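# Structural overview for review
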Amino acid sequence: MLFPRFSLRTILIAVSTCAVFSIVLGQAVRGEGWAIVVSVSVVSLCVILAFHAIVYLLSAGFTRLLTAQHTPAKTSRGGIQSTPDQQSAPSGHENTTGT
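Residues numbered from 1 in each chain as written. Predicted model: local features only at pLDDT ≥ 70, side-chain atom pairs only at ≥ 80, totals over all residues. Heavy atoms only, no water.

## Quick notes on the environment of Phe21
With respect to the helices and strands, Phe21 occurs in helix H1 (residues 8-29). C-alpha separation for the pair Phe21 and Ser39, spaced 18 residues apart in sequence, amounts to 7.9 Å. When residues no more than four places from it in sequence are discounted, the contact partners of Phe21 are Ser39 and Val42. (Helix = DSSP H or I, 4+ residues; strand = E, 2+ residues; numbered from the N terminus. Contact = heavy atoms within 4.5 Å.)

## A look at H1
The terminal C-alpha atoms of H1 lie 31 Å apart, and with 22 residues this matches the ideal 32 Å at 1.5 Å per residue to within 8%. Gly31, located one to two residues past H1, shows a positive phi value of around 105°. (Expected span 1.5 Å × (residues − 1).)

## Digging into the side chain of Ser39
Within the secondary structure, Ser39 is located in helix H2 (residues 33-66). Here the side chain of Ser39 touches Ala35 through a polar contact of 2.8 Å, landing on its backbone oxygen. Residue contacts for Ser39: discarding those within four places in its chain leaves Phe21, Val24, Leu25 and Ala28. (Polar contact = N/O pair within 3.5 Å; in protein donor to acceptor, adjacent residues only side chain to side chain.)

Such coordinate-based values are descriptive only and should not be taken to indicate function.
What follows is the structure in structure tokens.
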């Protein structure tokens, strides 16, 4: 989900922001210089963010296709092993003094 939690306040902010941007676009169509600059800036920012998202998705897809995934195995004691065949390592609490 893109917006797992949203409130009326969030929706009102989004609608208000879109309304203000629509007013700026209307001024840009009428030829106001500042409005043209703001409109081009916002559209450029959206294009850059979309481009980055597409590049990320492509690289994540290629990575998933080209690399093997190693799922760790869980032991009966709640530990994690890198492979199911790996033996559990000793805990290191052995008595090495011989007493």
